[in-house]
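# Summary of the model geometry
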Amino acid sequence: MSIKTPSILIGALALSTALLCEDSLAQISVGTSPGRRGRGVVEDGVARQTCFHRLSLSGNTCDDQATDFVVRYATQLGVAPSAVKLGKVRTVRAGTSRSRSYGRQPQLVHGFVAEGYGLTYGLDEFDRIRSAHGVLSPDAAELPPPSLLADDARELALGLQGLERADFRAEPVVHGVARHIDGELRLLQRVTGVKHDFTPLAIELDAYTGLVVRVFEHRYDGKVKTGTHTYDDVDSPFDLGKARGYVYKRVKHALAAKDSFAPLKNFSTSDSTPLVGDLGMMYGRYAQVFNADGVIVTSAELEFPYTDDDATLYGGGIISGADLFDHSNTYQWFDSAGTWVEKSLGTNPLDRTMPVYVNEDVVNAFFSPTDPDGDGAGFPPGFFLFGDFGDGSPEEVMHDFSRDPSVVIHEYMHGVVDGLGATFGSGGLDTPERAVNEALADFGAAAMLNDPKVGQVLAAFAGADLGIAGDSLRDLEKELTFQDDLFSVLGLTTSLPEEHAVGELFGAYLWRARAGLKKSATEMFLVDMLSWPQSSAEVGFPTVTVGNAEEAFEAFLFGCVAAAMDDVLETGAGAPARRQRQAGTILGAALAHGLAGQTDDSTYVFDGTEGLNVAFKSAFLGSLDEHAFDVDLEAGQSLAISATGRKGTAVDVTFSGDDFELIKPKKTNGKLTSAKLPKIVIGTTGTYRVSVSNPGSEGGDYILRVKAK
């Protein structure tokens, strides 16, 4: 893998010390030392090879070169080339440097992804494969096709557990996987979903017999005494306690670069834990923090006395105290984020020790759903990386992504979204789903910190170098609208609306909805998203282009809004009237930002046939001066509508449809800040439209109330 890791980590994850050279196969050797991880043989007997020399492979594309690599070297990996089925090369760039790139190819078995198998390629600046390593399973070609299909697996899995679709917040999804169990490669149908109590559930069925292989279910109880470290599919529990180190306790302290010596909670205190102390990482329930350049210096008392500006060198001059501060500070914010997610959701899909790399020489920070070196053999999938692009001087010591709490939490929320089973981000760059993924990460950081600004610390200390114009990377209190701001920032390579900019727009909607609900709505937005559209194809746009961008983004973003409202109306807590008011609040936020109520394709339809009680606050932002939604009503129903402008906002309200009678005349006050339709009687069953407009188009807040019985 291209990221720099401590030497001890490289020793733990390297697949072998054998060399592969394109011109001299005689130099290939297979390590055979038994019982040693990463030395050439694993428990299932599959030989592992690593290519360290630069390769000269045929082909104009990375996929062509990968095919050539398999033809040349598959036999040295223990597999006949004709038996190898691989997925498409997925290229990942770690930061802005093109040299920090790698490609990942999973091994496929009848279309199922074989966990722990596949190839990882180091890529040069021209996307040529310069090195390769990985594991291929020779058993894969011997397996027959699965007899249990996905739809049947879902139904069978739920039935065997005594569950129904209605027990879940969204349709459980099915993924075909292949993994070794008791030394035998088996095809499994994995059914995953989140129940209404926010408990994530995974059920694995044998893809031939339909028998249950394993069931995972985790619930937060607030009394956890141990953590879990996973390596090579082995879960190792360890005791939790406390350490101490210098950290930024709050965002305001990071902005002032003011550190404090504080407890580090959920820290490993087990003497048997092999990855603590002098092995180069801090280790606890939610994070194991690695350093890019050297080891962590610690003591038997588990104290980390390194301040944010300490220039003293440690470890034989390898690393500065200021960089060591980044370990304890990043650890602390990961632990806070993990704890907050569990308390908010009732569970945490990342309730395991996650690899976290700090002080990387990149201008970026990211979460990757892959495992750290891409071989699938060591840590379970998922790691985090934070760049430090300062020159080491006191003036640039804060040029470090891990020193901004909101950036750390933003990336952690990407991991949570992925862990909950959402597939946002699997589409291309600057697509609507990627924008929603960014919005959810921003919203999670803002909700945890109760601060709408994301990236304040980075902007304060490195804004000039990074080209940040304002006081933060993004601000969820901005009055952005879909119609005015969708194309305000375009992707450099796509010319599509840039995903982080659209994410800020959608995040502003989420932030407004949260405020309107007068409680933390984080659970709803971070779990109910499983029922949101996950790809543009789901809303009719398999390919998003410059020509269809406006329609594609409108369809996808409104699809998310509508799904959030549906979830509240169908599965929310409380009486129907309360759920309707909550849905109205979500809609009011969407109307304000132009994500709903501007076209027939983005107009939400309430079912008012059994009564309706909607009351919410919204606002006319930007160029928008009319909001609308529809209501299904039955003949004989009556309803009343009122709109009240706040702080002098002018409002008017209209009701339209095929057959109704206004029993009482519309009422408006002299300042045009109030409009009422006190009694309307429906003549014919059908769909009717409620519209609120802003005479004079000066903008401002308003409150709308609609009651039907």
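The numbering scheme is per chain: residues are counted from 1 as the chain's sequence reads. Totals for whole chains, interfaces and linings use every residue, but because this is a predicted model, local features are given only for residues with pLDDT of at least 70 and side-chain atom pairs only at 80 or more, for both listing and counting. By convention in this description, side-chain values take in all heavy atoms of the structure and omit both hydrogens and water.

### Observations concerning the packing of helix α7 (residues 432-449) against helix α10 (residues 499-516)
Every axis in this analysis is a line fitted to C-alpha atoms, fitted for helices over the stretch in contact. Angles between the N-to-C directions lie between 0 and 180 degrees. The numbering of helices and of strands both runs from the N terminus, where a helix is a DSSP run of H or I of at least 4 residues and a strand a run of E of at least 2. Relative orientation of the contacting elements α7 and α10 amounts to 50 degrees, with a least axis distance of 7 Å. The angle between the axes of α7 and α10 places the two elements in the oblique class. α7 and α10 meet at a crossing whose hand is right-handed. Together, Arg434, Ala435, Val436, Glu438, Ala439, Leu440, Phe443, Ala446 and Ala447 of α7 and Glu499, His500, Val502, Gly503, Phe506, Gly507, Leu510, Trp511 and Arg514 of α10 make up the contact between the two elements. Considering only residue class, the contact of α7 with α10 consists of 11 nonpolar, 3 polar and 4 charged. Roughly parallel means an angle under 35 degrees; roughly antiparallel, over 145; roughly perpendicular, 65 to 115; everything else is oblique. Crossing handedness follows the turn of the near helix against the far one: under a right angle anticlockwise gives a left-handed crossing, and clockwise gives a right-handed one. Residue contacts are counted whenever heavy atoms from the two residues lie within 4.5 Å of one another. Here the term charged refers only to Asp, Glu, Lys and Arg, the term nonpolar to Ala, Val, Leu, Ile, Met, Phe, Trp, Tyr, Cys and Pro, and the term polar to all other amino acids, Gly among them.

### Describing the pairing of strand β32 (residues 700-708)
Direction of pairing for strand β24 (residues 612-620) relative to β32: antiparallel, over a ladder of 9 bridges. The residue of β32 that forms the bridge with Phe616 is Leu704. Looking at chain direction, strand β26 (residues 638-645) and β32 are connected through 7 bridges and run antiparallel. Note that in β32 the partner of Ser642 across the bridge is Arg705. For two strands to count as paired, DSSP must find a minimum of two bridges between them.

### Some remarks on the nonpolar core
Nonpolar side chains tend to gather and get buried jointly when the protein is soluble and globular. The criterion is simple. A nonpolar core is a set of buried Ala, Val, Leu, Ile, Met, Phe, Trp, Tyr and Cys residues joined through side-chain atoms within 4.5 Å. Buried, partly exposed and exposed residues are distinguished by accessible area as a fraction of the type maximum, computed with a 1.4 Å probe on protein chains only: under 20%, between the cut-offs, and over 50%, respectively. One finds Phe506, Tyr509 and Trp532 to be the most contacted residues of the largest nonpolar core, which totals 131 residues. No other element matches helix α12 (residues 549-571), which puts 13 residues into this core. Judged by nonpolar contacts, the second largest core, of 17 residues, contains Leu57, Ala66, Tyr73 and Ala74.

### Concerning the packing of aromatic side chains
For this analysis, a ring pair means two rings from Phe, Tyr or Trp (six-membered ring only for Trp) whose centres lie within 6.5 Å, classed as stacked if their planes differ by under 30 degrees, edge-to-face if by over 60, and tilted for the remaining angles. Scanning the entire structure with this criterion turns up 23 aromatic pairs. Aromatic side chains Phe384 and Tyr412 sit 6.0 Å apart centroid to centroid with 15 degrees between the ring planes, which places their arrangement in the stacked category. Of the two residues, Phe384 sits in strand β20 (residues 383-387) while Tyr412 sits in helix α6 (residues 405-419), which places them 28 residues apart along the sequence. Ring centres of Phe655 and Phe660 lie 5.0 Å apart, and the angle between their planes is 85 degrees; this geometry places the pair in the edge-to-face category. The class for Phe655 is buried, based on a relative accessible area of 9%. Taken together through their ring pairs, the aromatic side chains of Phe334, Phe367, Phe384, Phe386 and Tyr412 make up a single cluster.

### Regarding the side chain of Asp630
Along the chain, Asp630 falls in strand β25 (residues 626-633). The residues contacting Asp630, other than those within four sequence positions of it, are Thr603, Tyr604, Val605, Phe606, Thr687, Tyr688 and Arg689.

### Examining the side chain of Asp335
Tracing the backbone shows Asp335 in helix α5 (residues 321-345). The definition of a polar contact used here is a pair of N or O atoms within 3.5 Å, where within protein one atom must be able to donate a hydrogen and the other to accept one, and adjacent residues in sequence count solely through side-chain atom pairs. Among the polar contacts listed, one links the side chain of Asp335 to the side chain of Asn266, at a separation of 2.8 Å. In this view, Asp335 contacts Lys265, Asn266 and Tyr286; residues no more than four positions away in its chain are not counted.

### Side note on the sheet that holds strand β23 (residues 605-607)
If you walk across this open sheet you meet the 4 strands as β23-β25-β31-β27, and the pairing is mixed. With partners counted over all chains shown, the strands left at the sheet margins are β23 and β27 (652-656), one partner each. This sheet shows a mean twist of 25 degrees between the axes of neighbouring strands, independent of strand direction. The sheet strands contacting helix α13 (residues 576-592) are β23 and β25, and the helix crosses β23 at an angle near 170 degrees.

### Observations regarding the confidence of the model for the protein
Per residue, pLDDT measures the predictor's confidence, with a range of 0 to 100. Per-residue confidence for the protein gives a mean pLDDT of 80; residues scoring 70 or more make up 83%. Confidence, read as mean pLDDT per element, is least for helix α1 (residues 7-13) in the protein (18) and greatest for helix α9 (residues 482-485) (96). Confidence drops under pLDDT 50 across residues 93-100; counting only partners more than four residues distant or on other chains, this segment forms 25 contacts. This stretch, residues 313-318, has a pLDDT under 50; its non-local contacts, to residues over four places away or in other chains, come to 11 contacts.

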